[in-house]
Amino acid sequence: MAKVLDSCKSFLLIVHKCPDPDAAGAAVALASALKARKKKVSIGVDKNTISKQTKLLLKKLHHKISFKPDYDVDCIVVLDTNSPMLFSLDKVLNSKAKKVLIDHHHPKQEVVECFDEAFIDEEAVSATQIIYYLLSEMNVSFTRNICLAIAAGILTDSANFVAATVESFLVLGEVLEKGNLSFQEVLESVSVPMEMSEKIARLKASQRLKFYRNGKHLIAVSKVSSFEGGVAKALLYLGADVSFVGAARGNDVRISARAANTVVSKGFHLGKDVMPLISDVIGGDAGGHAGAAGANGTKPENLDRALRLCVERTRELLRAI
Ligand SMILES: [Mn+2]
């Protein structure tokens with residue numbers, strides 16, 4: 001991988017739609033390392049949507065994300081996603097650039113095959129953890145900025161260490177030390193007060209909540225117009241073992257799903273065993289991790305059917321554990 005990157009002069013680092021601190025952190029860490037090697041680098045996303053949390057991190061890292069990415073470069077690196085619903089696979093394919101994928105989600109073979117090089121580690125808690133391994137291989141000097149970017153991705157993608165692994169703790173320790181960073185500074189780089197609209201979405205979702213008991217487990221389902229990821233997570237805090245939250249807006253439909261460690265530790269996997277079943281139903285794409293997954297599509301009229309399928313499939317899987 002290091003050799004491929006060294007052979008190119010100009011880079012476009014593509015992050016997924018609504019980039020989270022992990023995607024932004026991975027892009028900034030890699031961009032900083034490439035710039036130190038005198039490469040021309042820009043970070044791009046195809047839609048103008050960046051959360052307050054990601055904006056705060058980018059400000060702390062002194063980096064910007066372009067909404068009009070220039071695909072005319074030597075090398076395109078897609079970071080933290082392999083879902084064609086979350087980045088323009090067409091634009092990547094139409095470019096003459098070398099194509100590299102760096103991701104920690106369950107790989108979709110047909111997408112992975114579109115890339116010249118893929119660095120996929122499903123065991124990595126965050127994309128920034130993979131970037132850490134890559135930069136170590138490249139003998140990069142770990143500046144404070146690079147270290148903060150990597151740490152912020154590990155913190156947020158591990159859901160504040162709930163899903164952390166020994167390896168992610170080790171990488172975190174390394175970057176805190178190398179970057180001369182306090183953990184407090186990492187926390188501050190991604191801590192924003194919850195927006196009023198998200199608070200309302202969470203409370204409304206609770207009002208509309210339906211739940212199903214399946215022996216020892218509870219499955220919660222609700223619908224909102226946005227913030228489905230935060231809402232799905234909040235439903236676990238309320239007591240659900242697995243949650244599905246649908247959001248239909250205009251021609252778009254999204255479903256966000258979360259599963260508690262109690263079921264994930266027994267082999268329950270949302271990204272592999274549940275979400276892919278509904279890609280066709282919602283006219284899009286689905287995938288993710290064992291405990292956090294999602295689906296995006298263009299058939300909002302099928303949202304209820306998709307949610308029902310998610311519940312049915314989850315019930316089957318939970319019965320076996
Ligand atoms: Mn990630």
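Residues numbered from 1 in each chain as written. Predicted model: local features only at pLDDT ≥ 70, side-chain atom pairs only at ≥ 80, totals over all residues.

### Re the domain arrangement of the chain
To be explicit about the condition: The split into domains, and so the bounds of each, comes from an automatic or database assignment of domains. Polarity classes work like this: nonpolar for Ala, Val, Leu, Ile, Met, Phe, Trp, Tyr, Cys and Pro, charged for Asp, Glu, Lys and Arg, and polar for all others, with Gly in that last group.
If you check the domain split of the chain, you get domain 1 (2-189) and domain 2 (196-319). Computed over C-alpha atoms only, the centres of domain 1 and domain 2 are separated by 26 Å. In terms of residue class, the side of domain 1 that touches domain 2 is made up of five nonpolar, three polar and one charged.

### Observations concerning the sheet that holds strand β4 (residues 98-103)
So the rule is basically this: Paired strands, as defined in this entry, are two strands with at least two bridges between them according to DSSP. Secondary structure elements follow DSSP: runs of H or I no shorter than four residues count as helices, runs of E no shorter than two count as strands, and numbering proceeds from the N terminus. In this description, a line fitted to the C-alpha atoms serves as the axis of each element, helices being fitted only across the stretch in contact, and the angle between N-to-C directions of two axes falls anywhere from 0 to 180 degrees. Throughout, a pair of residues is in contact if the C-beta atoms placed from their backbones lie within 7 Å.
The strand order across the open sheet formed by five strands is β2-β1-β3-β4-β5, and the pairing between neighbours is parallel. Every other strand in the sheet has two partners, leaving β2 (40-44) and β5 (117-120) as the edge strands with one partner each. Geometrically, the sheet is characterised by an average inter-axis angle of 15° between neighbouring strands, direction not taken into account. The pairing of strand β3 (residues 75-79) with β4 spans five bridges and is parallel. By the bridge assignment for β4, V77 is matched with V100. The sheet contacts of helix α2 (residues 21-36) involve β1 (10-15), β2, β3 and β4, and relative to β1 the element is tilted by about 170°. Running over the sheet, helix α6 (residues 127-137) touches β3, β4 and β5 and is turned about 120° from β4.

### Here's the deal with the pairing of β1
Note the cut-off: Three exposure classes are used. Buried residues have 20 or more other C-beta atoms within 10 Å of their own C-beta, exposed residues have 12 or fewer, and partly exposed residues fall in between, all C-beta atoms being placed from the backbone. Consider the strands pointing away from the viewer: the crossover is right-handed when the path from the first strand over the helix to the second runs clockwise.
β1 sits mainly inside the fold: five of its six residues count as buried. Summarising the sheet, β1 and β2 pair through five bridges and their orientation is parallel. For S10, the partnering residue across the bridge sits in β2 and is K40. As for the winding sense of the linkage, the β-α-β connection from β1 through α2 to β2 is right-handed.

### Notes on the sheet that holds strand β10 (residues 284-288)
Pairing in this open sheet of six strands is mixed, and the strands run β6-β7-β8-β9-β11-β10 from one edge to the other. This sheet does not close on itself; its edge strands, each paired only once, are β6 (210-214) and β10. Across the sheet, the mean angle separating the axes of adjacent strands is 10° when strand polarity is ignored. Of the pairings in the sheet, the one linking β6 to strand β7 (residues 217-224) comprises five bridges and is antiparallel in character. Paired with N214 across the strands is H217, a residue of β7. Contacting β7, β8 (242-249) and β9 (252-259), helix α11 (residues 228-238) runs over the sheet at an angle of about 155° to β8.

### Focus: the pairing of β8
Across the eight residues that make up β8, a large majority, seven, are buried. Sheet topology places β7 next to β8; six bridges connect them, and they run parallel. Looking at β8, one finds that S222 is bridged to V245. Each parallel crossover has a hand, and for β7 linked through α11 to β8 it is right-handed. Where β8 folds back onto β9 in an antiparallel hairpin, the turn is made up of two residues, including G250, whose phi is positive at roughly 60°.

### Comments concerning the packing of α2 against helix α3 (residues 52-61)
Formally: Roughly parallel means an angle under 35 degrees; roughly antiparallel, over 145; roughly perpendicular, 65 to 115; everything else is oblique. Each crossing gets its hand from how the near helix is turned against the far one by less than a right angle, where anticlockwise is left-handed and clockwise is right-handed.
Running from N to C, α2 and α3 cross one another at 20°; their axes reach a closest spacing of 9 Å. Relative to α3, α2 is oriented roughly parallel. Here α2 runs over α3; the crossing is right-handed. Contacts between α2 and α3 involve P21, A24, G25 and V28 from the former and Q53, T54, L57, L58 and L61 from the latter. Split into classes, the residues belonging to the contact of α2 with α3 amount to six nonpolar, three polar and no charged.

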